[in-house]
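Structure assessment
The lines below spell out each chain.
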Amino acid sequence: LKAKVQILARMLRAGSNNAAYTGAGISTAAGIPDYASRAAKSTAVDPKTKAAGLVKASLLTMEPTVAHHTLAALERQGLLHFWLQQNHDGLAQKAGFPRDKVCEIHGSWHDREHNPVVKMS
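This section reports on the structure supplied with the text. (Residues numbered from 1 in each chain as written. Predicted model: local features only at pLDDT ≥ 70, side-chain atom pairs only at ≥ 80, totals over all residues. Heavy atoms only, no water.)

The side chains of a regular strand alternate, first on one face of the sheet and then on the other. Side-chain alternation along strand β2 (residues 82-85) places Trp83 and Gln85 on a buried face and Phe82 and Leu84 on a face that remains uncovered. Summarising the sheet, strand β1 (residues 19-22) and β2 pair through 4 bridges and their orientation is parallel. The residue of β2 that forms the bridge with Ala19 is Phe82. (Buried < 20%, exposed > 50% of the residue type's maximum accessible area, 1.4 Å probe, protein only. Helix = DSSP H or I, 4+ residues; strand = E, 2+ residues; numbered from the N terminus. Pairing = 2+ DSSP bridges.)

Our next topic: the environment of Lys94. Note on placement: Lys94 falls in helix α4 (residues 91-94). Owing to a relative accessible area of 39%, Lys94 belongs among the partly exposed residues under this scheme. Along the chain, Lys94 and His69 lie 25 residues apart, while their C-alpha atoms are 8.9 Å from each other.

By size, the foremost hydrophobic cluster in this structure holds 13 residues, and its most contacted members are Leu71, Leu74, Leu80, Trp83 and Phe97. Of all the elements, helix α3 (residues 66-76) adds the most residues to this core, at 3 residues. In contact with Phe97, not counting residues within four places along its chain, are Leu71, Ala72, Glu75, Leu80, Phe82, Trp83, Ala92 and Val102. (Core = buried A, V, L, I, M, F, W, Y, C linked by side-chain atoms within 4.5 Å. Contact = heavy atoms within 4.5 Å.)

Here the structure, examined in full by the defined rule, presents 1 aromatic pair. Centre to centre, the rings of Trp83 and Phe97 are 5.1 Å apart; their planes meet at 80 degrees, and the pair counts as edge-to-face. Remark: Phe97 occurs in the loop between α4 and β3 (102-104) and Trp83 occurs in strand β2; sequence separation between them is 14 residues. Each member of the pair, Trp83 as well as Phe97, carries the same accessibility label: buried. (Phe/Tyr/Trp six-rings, centres within 6.5 Å; stacked < 30°, edge-to-face > 60°.)

Right, let's get into the sheet that holds β1. With respect to topology, 3 strands assemble into an open sheet ordered β1-β2-β3, the strand pairing being parallel. Every other strand in the sheet has two partners, leaving β1 and β3 as the edge strands with one partner each. Taken over all neighbouring pairs, the strand axes of this sheet differ in orientation by 15 degrees on average, direction set aside. Alignment of β2 against β3, held across 3 bridges, turns out to be parallel. Bridge pairing in β3 places Leu84 opposite Cys103. (Axes fitted to C-alpha atoms, helices over the stretch in contact; angles between N-to-C directions.)

Purely geometric stuff here, so don't read any function into it on its own.
Okay, structure coming up:
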């Protein structure tokens, strides 16, 4: 793992236009279930979290995960320039990642005027 982290660090330092692409898994630790979590017998959400009622916590009280904070820190250090994500939870911005550098491709719960979430059928 250490060798992989060192390679990633070298790549980030060498890059001039680095981007992160993340999916729903980055927010499951915050208590937001992903689509896979809805499947029968899914292990994507810890049963203890589910039993504690944290899975359906208020979106206003959700806190960014370590991953959100890490990506925001990389941006502040000039190592990450853009974040493309499939989430609409606003946790990237709450972690301090600049709004103008985040693309929430499925819409945003926090920007309904300019980037509304469209219900999937």
